[in-house]
Amino acid sequence: MHPFSYRQASDEQAAIGAVGQPGAMFLAGGTTLIDLMKLDVQTPSQLIDITPLPLTKITELPGGGVSIGAMVRNSDLAHSELIMTRYPVLSEALLSGASPQLRNMATTGGNLLQRTRCYYFRDVTTPCNKREPGSGCSAIDGYHRIHAVLGTSRHCIATHPSDMCVALTALDAVILARGAGGERRIPINDFYLVPGDHPERENVLAPGELITAVELPAMPFAARSHYRKVRDRASYAFALASAAVALDIQGGAIHDARVALGGVGTKPWRSHDAEKALIGKAPGPDAYRAAAEAALRGAKPHKDNAFKVELAKRTLVRTLTMTAQKTV
Ligand SMILES: Cc1cc2nc3c(=O)[nH]c(=O)nc-3n(C[C@H](O)[C@H](O)[C@H](O)COP(=O)(O)OP(=O)(O)OC[C@H]3O[C@@H](n4cnc5c(N)ncnc54)[C@H](O)[C@@H]3O)c2cc1C
Ligand code: SF4
C-alpha cells in the first residue's frame, strides 16, 4: 500500500475543495477503495473522508418520489419502510449484494462508483486498459467467464458489478452531483459510459464532483417489482446474470414495464426493447420469452461466457413471472 494522508471533511464545500487537489479521493464506506488500495490498483495520495457529511437521510419528495442521501448505508436503505413498500426491487437488490457486514459500511454514493470485479483489473501484473489506458485487455483472449456480453468493445469486456444500480436503472433514478460549478442532476441512464475506446472513463462525473443524493421518481406501479440474481453461490457472490423488473398490469394486459439487467452488461443494462415487447401483451410465457429475446438481441459472447446469453434470458423470464404473480 502506498503512503497517503487522511482527513475528514467538515462540509460539502470543504470536501469538494479538498478533493480538487491532485491525487485526492473521497472515502465513504471504504469497501471498494481500501480493497483496491491494498492491491495497488488505486494509489491516492490523500483520502477525504466524507462520512461526517449530513447526507444520511431517506426523505419523501412532494409528488411521491424519494430522495436518498449519498451517505445512506446500503443496509439502512434496504430496510427502509418507504423503499420496501414503494420500490421493493431496490430493497431486494441491495439485500442480494455482499454480506450484512459490508452492507452496514457500504454507502449509496460508493455503491454507484464501485469498480469492476474483472480479475485482470485487480491484478496489477497483467495488462488492463481500464487500469492503465493503452496497455491492452487481458480478458478478451484470457479467461472471461464472468465478463459482459452487452455493451462491450474491443478494448474492454468488464461487467458493472453493482446489484443496487440495476434496480436504480429500472426505476429511472436521478443522480445529484455537486462540484465547484454547483449542483447538477444526471439521469442514471446517462450516468454510466460503455467502454468504447476509453474503458478508463466509466461515468460522466467531472473530477472532484461529489454525489450528494439519488432521487427516485414517483412510480406507483413499482410496488409490483422484483430483483432476481443468479450466481455461483447462494450468497456473497456477484451476479452472473440478474434482472430488475417492474410491471403495471391492468385489465389483464401489461400497461407499462421497466426492465434492467445486471451481470451481463458493461453498465447496468436498461432494455427498452424488452419493455416494448411486453407493453400491450397479456402477462404470460410468450410475452416474457419475447422480452428476453429482445433484451439479449445485441449480445456478443466470447468463448467462456456464451452461457450467459441463455442464462440472462431465463433469469428475465423467471423475474417477470414472479413479478406478475406478486399481489400489490
Ligand atoms: C467481498 C465483497 C463482496 C461484494 N459483493 C457485492 C455484491 O454482491 N453486489 C454488489 O452490488 N456489491 C458488492 N460489493 C461491493 C460493495 O457493494 C461496494 O464496495 C460498496 O457499495 C461501495 O461503497 P462504499 O461506500 O464502501 O464506497 P468506497 O469504497 O468508500 O468508495 C468507492 C468509490 O466511490 C467514490 N465515492 C464514494 N462516495 C462518493 C460520493 N458521495 N461522491 C463521489 N465519489 C464517491 C470513492 O472515492 C471511491 O472511488 C462487494 C464488496 C466486497 C468487498
Ligand atoms: S475486461 Fe476491461 S477491466 Fe478487464 S482486463 Fe480487459 S480492459 Fe481491463
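Residues numbered from 1 in each chain as written. Chains lettered and ligands numbered in written order. Predicted model: local features only at pLDDT ≥ 70, side-chain atom pairs only at ≥ 80, totals over all residues. Heavy atoms only, no water.

Student: Teacher, can you tell me more about the pattern of salt bridges here?
Tutor: Once their charged atoms are close, side chains differing in charge can pair, the charge on each being opposite to the other. Throughout the structure, instances matching the rule amount to 21 salt bridges. Between Asp232 and Arg145 there is a salt bridge, and its shortest N-O distance comes to 2.9 Å. Of this pair, Asp232 sits in the loop between strand S9 (225-230) and strand S10 (241-250) while Arg145 sits in the loop between helix H7 (108-112) and helix H8 (164-170), and the two are 87 residues apart along the sequence. Residue Asp232 is classed as exposed on the basis of its relative accessible area of 53%. Here Glu310 makes a salt bridge to Arg289, at a shortest N to O gap of 3.1 Å. On the criterion of sequence distance, the pair formed by Glu310 in helix H12 (residues 307-325) and Arg289 in helix H11 (residues 285-295) is long-range, its members being 21 residues apart. The exposure class of Arg289 is partly exposed, given its relative accessible area of 30%. Here the salt bridges do not stand alone but share partners, grouping Asp172, Asp256, Arg258, Arg270 and Glu275 into one network. (Salt bridge = Lys/Arg side-chain N within 4 Å of Asp/Glu carboxyl O. Helix = DSSP H or I, 4+ residues; strand = E, 2+ residues; numbered from the N terminus. Buried < 20%, exposed > 50% of the residue type's maximum accessible area, 1.4 Å probe, protein only.)

Student: Explain the site of ligand 2 here, please?
Tutor: Near ligand 2, the surroundings consist of 14 residues, among which Cys118, Cys128, Cys137, Cys156 and Ile157 are the closest. Across the shell around ligand 2, the residue classes tally to nine nonpolar, four polar and one charged. (Near = heavy atom within 4 Å. Nonpolar A, V, L, I, M, F, W, Y, C, P; charged D, E, K, R; others polar.)

Student: Is there a simple way to explain the nonpolar core in this structure?
Tutor: When a protein is soluble and globular, its nonpolar side chains tend to lie buried together. Grouped together as the largest cluster of nonpolar side chains are 52 residues, with contacts concentrated most on Leu90, Leu112, Leu168 and Leu216. Per-element tally for this core: the top contributor is H8, with six residues. Counting contributing residues per domain, this core is built from domain 1 (5-52) and domain 2 (224-322), each supplying no fewer than three. In terms of nonpolar packing, the next biggest core, distinct from the first, is built from 28 residues, Leu278, Ala287, Tyr288 and Ala294 among them. (Core = buried A, V, L, I, M, F, W, Y, C linked by side-chain atoms within 4.5 Å. Domains from an automatic or database assignment.)

Student: Looking at this model, I keep getting lost on the site of ligand 1. Mind explaining?
Tutor: Ligand 1 sits among 33 residues. The nearest are Phe26, Thr31, Thr32, Thr107 and Asp163. Contacts to ligand 1 include Leu33, whose backbone N or O atom sits 2.8 Å from an oxygen atom. Within the contact set of ligand 1, an oxygen atom lies 3.0 Å away from a backbone nitrogen or oxygen of Ala98. Relative to its unbound accessible surface of 990 Å², ligand 1 loses 93% to contact with the protein. When residues of the shell around ligand 1 are traced back to their parent elements, those giving at least two are strand S2 (24-27), helix H2 (33-38), H7 and strand S8 (210-216). When the residues that make up the shell around ligand 1 are grouped by side-chain class, the tally is 17 nonpolar, 12 polar and four charged. Here the shell around ligand 1 gathers at least three residues from each of two domains, domain 1 (5-52) and domain 2 (224-322). (Polar contact = N/O pair within 3.5 Å; in protein donor to acceptor, adjacent residues only side chain to side chain. Areas by Shrake-Rupley, 256 points an atom, 1.4 Å probe, with all protein chains shown as cover.)

Student: What is the right way to look at the domain arrangement of the protein chain in this model?
Tutor: By a frequent convention, interface size equals the accessible area lost on bringing the separate parts together. Assigned domains of the protein chain: these are domain 1 (5-52) and domain 2 (224-322). Averaged C-alpha coordinates put domain 1 and domain 2 at centres separated by 36 Å.

Student: Before we go on, may I ask you to explain helix H1 (residues 12-19) in this structure?
Tutor: Since the α-helix advances by 3.6 residues per turn, residues separated by three or four positions end up pointing in the same direction. Those residues of H1 that fall on the buried side of the exposure criterion are Ala15, Ile16, Ala18 and Val19. Seen from one end, H1 has its buried residues packed into an arc of 165°, which puts them on one side. Looking at the packing, one finds that the buried side of H1 touches strand S1 (5-8), S2, strand S3 (46-49), strand S6 (174-179) and S8. If you check the start of H1, you find a side-chain oxygen 3.1 Å away from the backbone N of Gln13, and it comes from Asp11. (Arc of directions from axis to C-beta. Contact = heavy atoms within 4.5 Å.)

Student: Teacher, can you tell me more about the sheet that holds S1 here?
Tutor: Whether parallel or antiparallel, the strands of a sheet pair through hydrogen bonds between backbone atoms. Strand order across the open sheet formed by three strands is S1-S3-S2, with parallel pairing between neighbours. Each having just a single partner strand, S1 and S2 make up the two edges of the open sheet. Pairs of neighbouring strands in the sheet enclose a mean axial angle of 25°, with direction left out of account. Across four bridges, the pairing between S1 and S3 is parallel. Across the sheet, residue Tyr6 finds its bridge partner in S3, namely Leu47. Across the sheet, H1 touches S1, S2 and S3, and the angle it forms with S2 is around 140°. (Pairing = 2+ DSSP bridges. Axes fitted to C-alpha atoms, helices over the stretch in contact; angles between N-to-C directions.)

Student: How should I be thinking about a nonpolar patch on the surface in this particular structure?
Tutor: On the surface, Met1, Phe4 and Tyr6 cluster together into a nonpolar patch covering about 310 Å² of accessible area. With respect to the helices and strands, Tyr6 occurs in strand S1. For Tyr6, a relative accessible area of 43% puts it in the partly exposed group. (Patch = residues over 30% accessible without salt bridge, like charges linked within 9 Å, V, L, I, M, F, W, Y side chains within 5 Å.)

Student: Got a minute to help me understand the pairing of S6 in this structure?
Tutor: Here S6 lies mainly inside the structure; five of its six residues are buried. Direction of pairing for S6 relative to strand S7 (residues 182-187): antiparallel, over a ladder of six bridges. Its bridge partner lying in S7, Gly179 is registered against Gly182. Where S6 folds back onto S7 in an antiparallel hairpin, the turn is made up of two residues. When S6 meets S8, the two strands line up antiparallel, connected through five bridges. Of the residues in S8, the one forming a bridge with Arg178 is Leu210.

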